[in-house]
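Listed here are the chains, written in short residue letters.
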Amino acid sequence: MIKLCFVCLGNICRSPTAEGIMKALVSKFSLENSIEVDSAGTGAWHSGEKADPRSRAVAQTRGLELTSRSRQFKSEDFSEFDYVLAMDNSNLQNLRALADDTSSTKLFLLRSFDPQSPK
């Protein structure tokens, strides 16, 4: 099982949206037994909250439902996930501060897997 965690600042906009999109793709390709998806935030301001209503509304127009609840990413999460995907450089730096040498190999910017992404 490959485990992914998308991480933004508060876990109410970007990371739950990425989680929802990835879950839809996992389902579309029948990979539920191979890939597990989650999201978190580097901060705890919104812990327990649903995704922002605007994110949920936009997702719904595309046939997606954002069902996760916000939570803060903890250093212990590194042992749970194979890939920790930061939404931007600021989130990446915050995650690097939590990571040890082994954990840091799991950290990536979300678009680092996109060959057309600007550097």
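Anything mentioned here points back to the structure above.
Residues numbered from 1 in each chain as written. Predicted model: local features only at pLDDT ≥ 70, side-chain atom pairs only at ≥ 80, totals over all residues. Heavy atoms only, no water.

Participant: Describe the layout of surface pockets, with residues and values.
Facilitator: Over the atoms rolls a probe the size of a water molecule, and its path tells where empty space is left. A volume near 250 Å³ is recorded for the largest pocket. Along the walls of the largest pocket sit Met-87, Asp-88, Asn-89, Leu-109, Leu-110, Arg-111, Ser-112, Asp-114, Pro-115, Ser-117, Pro-118 and Lys-119, which together make up its complete lining. Among the residues forming the lining of the largest pocket, the class breakdown is five nonpolar, three polar and four charged. (1 Å grid on protein atoms, 1.4 Å probe; cavity = no way out; pocket = protein on both sides within 12 Å on 5 of 7 lines; lining within 4 Å. Points joined across faces, edges and corners; volume = space filled by probe spheres on them. Nonpolar A, V, L, I, M, F, W, Y, C, P; charged D, E, K, R; others polar.)

Participant: With reference to specific residues and values, describe the environment of Gly-63.
Facilitator: One can find Gly-63 in the loop between α2 (53-61) and β3 (83-86). For Gly-63, a relative accessible area of 68% puts it in the exposed group. With 32 residues separating them along the chain, Gly-63 and Leu-95 place their C-alpha atoms 31 Å apart. (Helix = DSSP H or I, 4+ residues; strand = E, 2+ residues; numbered from the N terminus. Buried < 20%, exposed > 50% of the residue type's maximum accessible area, 1.4 Å probe, protein only.)

Participant: Outline the pattern of salt bridges, listing residues and values.
Facilitator: Counting across every chain of the model gives seven salt bridges. Residues Lys-3 and Glu-80 are paired through a salt bridge, measuring 3.9 Å at the closest nitrogen-oxygen approach. Here Lys-3, found in strand β1 (residues 2-8), pairs with Glu-80, found in the loop between α2 and β3; they are 77 residues apart in sequence, far enough to count as distant. Since its relative accessible area comes to 43%, Glu-80 is described here as partly exposed. A salt bridge links Arg-71 to Asp-38, with the shortest nitrogen-to-oxygen separation between them at 3.2 Å. Placement of the pair is Arg-71 in the loop between α2 and β3 and Asp-38 in strand β2 (residues 35-41), with a sequence separation of 33 residues. Assessed through its relative accessible area of 23%, Arg-71 is described here as partly exposed. For Asp-38, a relative accessible area of 23% puts it in the partly exposed group. Residues participating in the shared-partner salt-bridge network are Asp-38, Arg-71 and Asp-77. (Salt bridge = Lys/Arg side-chain N within 4 Å of Asp/Glu carboxyl O.)

Keep in mind these values describe shape, not function.
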